[in-house]
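Topology and contacts: notes
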Amino acid sequence: MSDCLFCKMVTGEIAPDVVYEDDDVLAFRDINPQAPTHVLIVPKRHISTLNDLEPDDARLIGQLSLAAAKVAAQEGVADAGYRTLINTNREGGQVVFHIHMHLMGGRRMGWPPG
Ligand code: AMP
Ligand code: ZN
């Protein structure tokens, strides 16, 4: 999608701080980190929200979690623990409409989240 911020990162039109990449997934540091480690993991293919997933996307969504675990290990937060989440639409707090998994770690997370 030409006007999508995260698609522009996938194509390289905007250069994010990449921490992990494979054929299907890109992970980069959040520009406004809410924890010492705050990484966004996105599918390279544009999908707007969790509501837009098709059955054929099941593997791709699984790949986001696998990438998150790899990044957590790489960042040194895997054992202490970390949080992964996907915001969906207005009340979920979604601002960028290209599915992304947040990975946050390096501090104790509160519950429930705000
Ligand atoms: P969400 O609210 O779940 O849609 O999260 C969007 C996230 O994208 C926020 O945490 C922003 O800080 C982050 N973000 C926005 N613009 C950029 C950017 N240019 N590079 C990296 N992260 C960004
Ligand atoms: Zn996109």
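Right above here is the structure, for reference.
This text gives an overview of the structure that appears in the document. (Residues numbered from 1 in each chain as written. Chains lettered and ligands numbered in written order. Predicted model: local features only at pLDDT ≥ 70, side-chain atom pairs only at ≥ 80, totals over all residues. Heavy atoms only, no water.)

Things to note about the site of ligand 1
The line we're drawing: Here a residue is near a molecule or strand as soon as one of its heavy atoms is found within 4 Å of it. The definition of a polar contact used here is a pair of N or O atoms within 3.5 Å, where within protein one atom must be able to donate a hydrogen and the other to accept one, and adjacent residues in sequence count solely through side-chain atom pairs. Accessible surface is estimated by sampling points in the Shrake-Rupley manner with a 1.4 Å probe; for residues, cover comes only from the protein chains shown. Helical segments are the DSSP runs of H or I of at least four residues, strand segments are the runs of E of at least two, and each set is numbered from the N terminus. Side-chain classes are defined by residue name, with Ala, Val, Leu, Ile, Met, Phe, Trp, Tyr, Cys and Pro counting as nonpolar, Asp, Glu, Lys and Arg as charged, and the others, Gly among them, as polar.
Near ligand 1, the surroundings consist of 16 residues, among which Asp30, Gly93, Val95, His100 and His102 are the closest. Residue Gly93 places a main-chain N or O atom 2.8 Å away from an oxygen atom belonging to ligand 1. At a separation of 2.8 Å, an oxygen atom of ligand 1 approaches a polar side-chain atom of His100. Burial of ligand 1 by the surrounding chains reaches 81%, relative to a free accessible area of 510 Å². At the level of elements, helix H1 (5-11) and strand S2 (25-29) are the ones that each hand at least two residues to the shell around ligand 1. A breakdown of the residues in the shell around ligand 1 according to their chemical character gives eight nonpolar, six polar and two charged.

Here's the deal with the pattern of salt bridges
Selection criterion: Any carboxyl oxygen of Asp or Glu that lies within 4 Å of a side-chain nitrogen of Lys or Arg is treated as forming a salt bridge with it. Residue burial is assigned from relative accessible area. The probe radius is 1.4 Å, only protein chains are included, and a residue is buried under 20% of its type maximum, exposed over 50%, and partly exposed in between.
Under the criterion given, the structure shown has four salt bridges. Here Glu21 and Lys44 are joined by a salt bridge, their closest N and O atoms 2.8 Å apart. Of the two residues, Glu21 is situated in strand S1 (residues 18-21) and Lys44 in the loop between strand S3 (37-43) and helix H2 (58-75); the sequence distance between them amounts to 23 residues. Residue Glu75 is joined to Arg29 by a salt bridge in which the shortest nitrogen-to-oxygen separation is 2.9 Å. Taken together, the positions of Glu75 in helix H2 and Arg29 in strand S2 put the pair 46 residues apart, joining distant regions of the chain. Overall, the relative accessible area of 23% leaves Glu75 in the partly exposed class. Classification of Arg29 as partly exposed rests on a relative accessible area of 33%. Counted as one network, the salt bridges with shared partners bring together Asp17, Arg29 and Glu75.

Considering the coordination of the zinc ion (ligand 2)
As a reminder, the rule being used: Counted as donors are N, O and S atoms no farther than 2.8 Å from the metal, or 3.2 Å for Na, K and Ca; water is not among the atoms, and sites may therefore look incomplete. Square planar and octahedral assignments, for four and six donors respectively, both demand that opposite donors be over 155 degrees apart and that all other angles lie between 65 and 115; tetrahedral needs four donors with all angles between 85 and 135 degrees, and anything else is irregular.
All of the protein donors around the zinc ion (ligand 2) are Cys4 (SG), Cys7 (SG), His46 (ND1) and His98 (ND1); their distances to the metal are 2.0 to 2.3 Å. Considering all four donor atoms around the zinc ion (ligand 2), angles at the metal cover 106 to 116 degrees and the coordination shape is tetrahedral. When the donors of the zinc ion (ligand 2) are listed by position in the chain, the intervening gaps give C-x2-C-x38-H-x51-H. With Cys4 in the segment before H1 and His98 in the loop between helix H3 (89-92) and strand S5 (101-105), this pair connects stretches of sequence that are 94 residues apart. By relative accessible area, Cys4 is classed as buried at 6%.

Here's the deal with unusual backbone geometry
Of note, the bond from Trp111 into Pro112 is cis; its omega dihedral lies within 30 degrees of zero at 0 degrees. Unusually for a residue other than glycine, Asn89 sits at a positive phi of about 60 degrees. Taking relative accessible area as the criterion, Asn89 reaches 32% and is therefore assigned partly exposed.

Distances and angles like these do not, on their own, reveal function.
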